[in-house]
Every structure is written in structure tokens, then in C-alpha cells.
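Examination of the molecular architecture
Below, each chain spelled out in residue letters.
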Amino acid sequence: MSKRILITGASGFVGANLARRLIADGHDLRLLLRPQHNPWRLADLNPALFLAADLGDAEAVLNAVRSARPDWIFHLAAHGAYPSQRDWSEMLETNVTGTVNLVRAALECGVESFVNTGSSSEYGFKDHAPPEDDVIEPNSDYAVTKATATLYCAFMARAHGARIRTLRLYSVYGPWEEPARLIPTLIVQGLRGRLPPLANPRVARDFVYVDDVCDAYLATAADVEAPNDAVFNVGTGVQTDLAGVVALTRRLLGVTEEPAWGSMPDRSWDTTCWVSDTGRIRQDLGWKPRHSLESGLEATIAWLRSDPTLLARYERVAPRTST
């Protein structure tokens, strides 16, 4: 059934994919964007779908939600996920104040389902796959603000009997990802027959393909059985270290150059254990990833190869180092 949907953060990586999925599925979509958003991921979308508002402006947010009259809201806008985003005040305004303003507007307008975007970084460093009720130990300013937003959403869900759920995303990759990130950098450099500088080969991630993440958003919004305040981990439950993802990329692209391990310094958030416990989302929503890392990488490579203009953009922007 078609829904009226409002999405924030559609100029970002995951949001741009989710917006296209919602349009393809026939939903009546509106994109709530910052007036100063970067439009490159949205160039082929109809500008009539766009609404402009700063999430820190409660009145503007309320007016935008009233205008869109959504059944569902997907909240993906965030600041601080990338190394270049270090402004604490902007993290606080976007991730905390913006979430508060949007939740309050959703409640005032009678929104049926609100899905907030959390982060696996809320858990901090763990030596195991943390379930959603594990102790959160945020390990950065960004993680603190995301954890705060998750707790606020859960509180408001309980206080108002409203469906306000959070998805804690692990390492999402796929089309439209930021060019300087690991997977796009590996692919762009691999298409040239070479590799970028690389950190410790034991650094690990739980890589989840963006189409599977879009499935999780839709399943979460549509479900009426799970608790209103539910938090769900979204990953594959499979950990892959840097050595593994580099080896797979080399094989898929026929790269013969050997990795130069340690040619890029480790980052403060690097760890050898970062994997999701997906038991709750599998049991409550019946969601599971449809893509292995190999099939997801193949799809991402095919997407980049299919559009020479986009590939050229990635080649211009992607550095020989990755984040």
C-alpha cells in the first residue's frame, strides 16, 4: 500500500538510496533538506519533492511536516559520521536538537510510524556482537549524540504510545557512498589496477549492502507487532577484516598489486572486533540481508561502471587514501 513519506538526510548516501527505493515502490515522497545541502546525489530527482528546513529550527520543521502530511517519517539526517565533520555544535544541533524537533512535530501531526537512524558506534568498543540491550559506551562525540537521540526516541515512544523506532546501522556500503570511504576507494583504485594506502589488515567491520538496509527501514516502519520503542541492529552478523575485503576486491577486479599494509595510519575508532547481533530484527521483523559481501561489491562495481559520468566524479574525488 502506498504511503505518504517524509525523509530527512536524502542528500546523504543511505538517504539517497532509500529515496529512490521509495519512489520506485510508488510511495508519495517528500525530502526534507537543509537549505545548503549538497545536491549531487539528487540531480535526477524531481525538485518538486524537496522541502527546505533547518532541523534546528523547530517551527520550520513543524511547518514542513504539516506540509508533507506523512504517514511515515524516515530520519536519516546526521552530522559527524565522517572524519571531516568535527564541529561538535553542529553534531548537537543536527543529531540531538534536530531529532527532538522532528519527533515532536511527528507527534503533533499524528505520524503513524517514525524510524530514527542510530549507529553501531553507540555501543563503543566491544569484544563481542552486542545485542540491542547491551550497555552503550559511546566512543566519540558523534556516538554520544547518536546514543542521546536513540534514548530520546525510545522515551517518547513509551511516553506517547507512538511507533518511534531506531535502526543501529553497521558499515553500510553501495551506490552513492561518499567517494572517500573505503569501499569506493578500493573499487576506483582497483579499476585502475592499483590499491590505496591501507591501515592494519586486522581492522574489522560488519559490511552491509545499502539495498538490504533500505529493506530494514521499510520493514521497521510497516511492522505493528514489535514494541513501539524497539531498537534494531542492522548488519549481516558477519565480520570481515580489512585483509578480507581487500583480497575480495582484488579478486573481483583482477588487481595484481600487493597491499601495502600500514601505509595508512590507524584511526582512533579502528578495532579488530566490530560485528552485529541481528537476532532481534530477524525474529521480530523477519529481516535478513539478501547480499553477501561479494554480491554487494559486484553490484557496486557494476553501478560505477554503468555510468561514466559518475565514475569520473568518483575518480576525481576519491583520494588514494580511504576513510
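For the structure itself, look to the data block above.
Residues numbered from 1 in each chain as written. Predicted model: local features only at pLDDT ≥ 70, side-chain atom pairs only at ≥ 80, totals over all residues. Heavy atoms only, no water.

What follows deals with the packing of helix α9 (residues 293–306) against helix α10 (residues 308–317). For the pair α9 and α10, the least separation of the axes is 5 Å and the interaxial angle reads 105°. In terms of their interaxial angle, α9 and α10 are classed as roughly perpendicular. On α10, the residues touching Trp 303, Leu 304 and Ser 306 of α9 are Pro 308, Leu 310, Leu 311 and Tyr 314. (Axes fitted to C-alpha atoms, helices over the stretch in contact; angles between N-to-C directions. Helix = DSSP H or I, 4+ residues; strand = E, 2+ residues; numbered from the N terminus. Parallel < 35°, antiparallel > 145°, perpendicular 65-115°, else oblique. Contact = heavy atoms within 4.5 Å.)

The next subject is empty space enclosed by the protein. One simple way to see leftover space: roll a probe sized like a water molecule over the atoms. Evaluated as defined, the whole model comprises two cavities of 30 Å³ or more. If you add up the space inside the largest cavity, you get close to 60 Å³. Across the lining of the largest cavity, the residue classes tally to six nonpolar, three polar and one charged. In this model, the second largest cavity occupies a volume close to 40 Å³. In terms of lining residues, the second largest cavity is bounded by Ala 106, Leu 107, Val 111, Phe 114, Ala 162, Arg 163 and Ile 164. If you list the elements that add at least two residues to the lining of the second largest cavity, you get α3 (88–108) and β6 (163–169). (1 Å grid on protein atoms, 1.4 Å probe; cavity = no way out; pocket = protein on both sides within 12 Å on 5 of 7 lines; lining within 4 Å. Points joined across faces, edges and corners; volume = space filled by probe spheres on them. Nonpolar A, V, L, I, M, F, W, Y, C, P; charged D, E, K, R; others polar.)

A few words on unusual backbone geometry. You will see that Arg 69, though not glycine, has its phi angle at about 50°, which is positive. For Arg 69, the location among the structural elements is in the loop between α2 (58–68) and β4 (72–75). Overall, the relative accessible area of 54% leaves Arg 69 in the exposed class. Its identity is not glycine, yet Trp 176 carries a phi of approximately 75°, on the positive side. Mapped onto the secondary structure, Trp 176 falls in the loop between β7 (171–173) and α5 (182–191). Residue classification places Trp 176 among the buried residues on the basis of a relative accessible area of 10%. (Buried < 20%, exposed > 50% of the residue type's maximum accessible area, 1.4 Å probe, protein only.)

Turning our eyes to something else, we now look at the packing of α5 against helix α7 (residues 242–253). Their axes nearest at 10 Å, the elements α5 and α7 cross at an angle of 35°. Considering the relative orientation of α5 and α7, their crossing is right-handed. The segment α5 lies against α7, with Leu 182, Ile 183, Leu 186, Ile 187, Gly 190 and Leu 191 engaging Leu 242, Val 245, Val 246, Thr 249 and Leu 253. Considered class by class, the residues forming the contact of α5 with α7 number nine nonpolar, two polar and no charged. (Left-handed = near helix turned anticlockwise from the far one by under 90°.)

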